[in-house]
Amino acid sequence: MLMKTDPDQTPATPPSGDEGVPVSVKIRERLKAARQRFHSNDNIAEFIQPGELEKLLDEVTEKMQGVLESMVIDTDSDHNTGNTARRVAKMYLKEVFAGRYVKGPAVTEFPNAEHLNELMIVGPITVRSACSHHFCPVIGKLWIGVMPNEHTNVIGLSKYARLAEWIMGRPQIQEEAVIQLADLIQEKTQPDGLAIVMEASHYCMAWRGVKDMNSKMINSVMRGVFLKDANLRREFLALVPR
């Protein structure tokens, strides 16, 4: 028996296969399919589609609300924490950890027209990050030394700060962060030598644990001629004000 179709009736749209799937799961599956690492200090912006960051913000808000409830905080009647879950989610995704979720800053590179070949130091550049162990602040400063050659690309001084902010805007470990930053600057400029010194206070040690407010961590990365030439290395370290 044939059924008559109502011409005014709109055919039902079949549900999509991923309807109801959390956006974090979709992003994670893309990363896995591409065999792409997604550790805490990795950038995953390439795998986030337009509009998904706002959905991820909603998802993290919901999860953070669950954390507050598990901590037995009455967010319904406590006027101080009524919107804390949203504020924390926004802080993580769009502020302190934005370096994971947005693409790197645009950096205009210029040829070394004047054939500059003298040591250049940029700093101190303010560092704001968080340790990936406890998500406690890491606050400090760093200095970047560049030994250019005639083939080195020249970038504006402010771009070094922007690149540092992008790398540090993720849950980090200081010794890994400076290597990531060195790799990025090396790729952008191709100098004969590159040196980075970073000094920072770690609040996972100052705010909790041993609660030592005075301890700092200092580490460095040396590349190219800074590794081979002890005099150049000493010159760079002597010019870094501490």
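None of these values were measured; they are calculated from a predicted model.

Trainee: How do you make sense of the domain arrangement of the protein chain when you look at a structure like this?
Mentor: When the parts of a complex come together, some accessible area is lost, and that lost area is often taken as the interface size. Structurally, the protein chain comprises domain 1 (23-100) and domain 2 (109-239). For domain 1 versus domain 2, the distance between C-alpha centres works out to 28 Å. Contacts between the two partners involve ten residues from domain 1 and, on the opposite side, ten residues from domain 2. Taking both sides of the interface into account, the surface hidden between domain 1 and domain 2 amounts to around 830 Å²; carbon and sulfur atoms contribute 54%. Among the residues of domain 1 in contact with domain 2, Asn 41, Phe 97 and Gly 99 are the three that bury the most area, contributing 60% of the side total. At the boundary of domain 1 and domain 2, one finds eight residue pairs in polar contact (both at pLDDT 80 or more). Counting residues per element, the side of domain 1 that touches domain 2 draws most heavily on helix H4 (residues 98-101), at three residues. Broken down by class, the residue content of the side of domain 1 that touches domain 2 amounts to four nonpolar, four polar and two charged.

Trainee: How do you make sense of empty space enclosed by the protein when you look at a structure like this?
Mentor: Empty space among the atoms can be located by rolling a probe the size of a water molecule over them. This structure, assessed with the given rule, holds one cavity of 30 Å³ or more. Estimates place the volume of the largest cavity at around 40 Å³. Ser 129, Ala 130, Cys 131, Val 138, Gln 172, Ile 173, Gln 174, Ala 177, Met 198 and His 202 together form the lining of the largest cavity. Taken together, the elements giving at least two residues each to the lining of the largest cavity come down to strand S2 (120-131), helix H6 (174-189) and strand S6 (193-202). Looking at the lining of the largest cavity element by element, the count peaks at three residues for S2. Per-class residue counts for the lining of the largest cavity are six nonpolar, four polar and no charged.

Trainee: In this structure, what is going on with unusual backbone geometry? I would like to understand it.
Mentor: What you tend to see is this: most non-glycine residues have negative phi, and most peptide bonds are trans. At the junction of Gly 123 and Pro 124, the peptide bond is cis and its omega measures out at 0° in the coordinates. Considering the arrangement of structural elements, one finds Pro 124 in strand S2. In the Ramachandran plot, Phe 135 falls in the positive-phi region, its phi being about 60° despite a non-glycine side chain. In this fold, Phe 135 is placed in the loop between S2 and strand S3 (137-147).

Conventions and cut-offs
- Residue indices follow the written sequence of each chain, beginning from 1 at its first position.
- At least 70 in pLDDT is required for a residue's local features to be given in this predicted model, at least 80 for side-chain atom pairs to be given and counted, and no such filter applies to totals for whole chains, interfaces and linings, which use all residues.
- Water and hydrogen atoms were dropped before computing side-chain values, which therefore reflect all heavy atoms in the structure.
- As used throughout, domain bounds are those supplied by an automatic or database domain assignment.
- Two residues form a contact once any of their heavy atoms are found within 4.5 Å.
- Reported buried area values correspond to the accessible surface (1.4 Å probe) lost by two parts on association, with both partners' losses combined.
- Any N or O atom pair separated by 3.5 Å or less is treated as a polar contact, with the protein-specific requirement of one donor-capable and one acceptor-capable atom, and with residues adjacent in sequence counted only for side-chain atom pairs.
- The numbering of helices and of strands both runs from the N terminus, where a helix is a DSSP run of H or I of at least 4 residues and a strand a run of E of at least 2.
- Asp, Glu, Lys and Arg are counted as charged, while Ala, Val, Leu, Ile, Met, Phe, Trp, Tyr, Cys and Pro are counted as nonpolar; the rest, among them Gly, fall into the polar class.
- Cavities and pockets are defined on a 1 Å grid built over the protein atoms alone: a cavity is a set of grid points where a 1.4 Å probe fits but cannot escape, while a pocket is an open set with protein on both sides within 12 Å along at least five of seven lines, and lining residues are those with an atom within 4 Å of any such point.
- Grid points are joined across faces, edges and corners, and a volume is the space filled by probe spheres set on the points.

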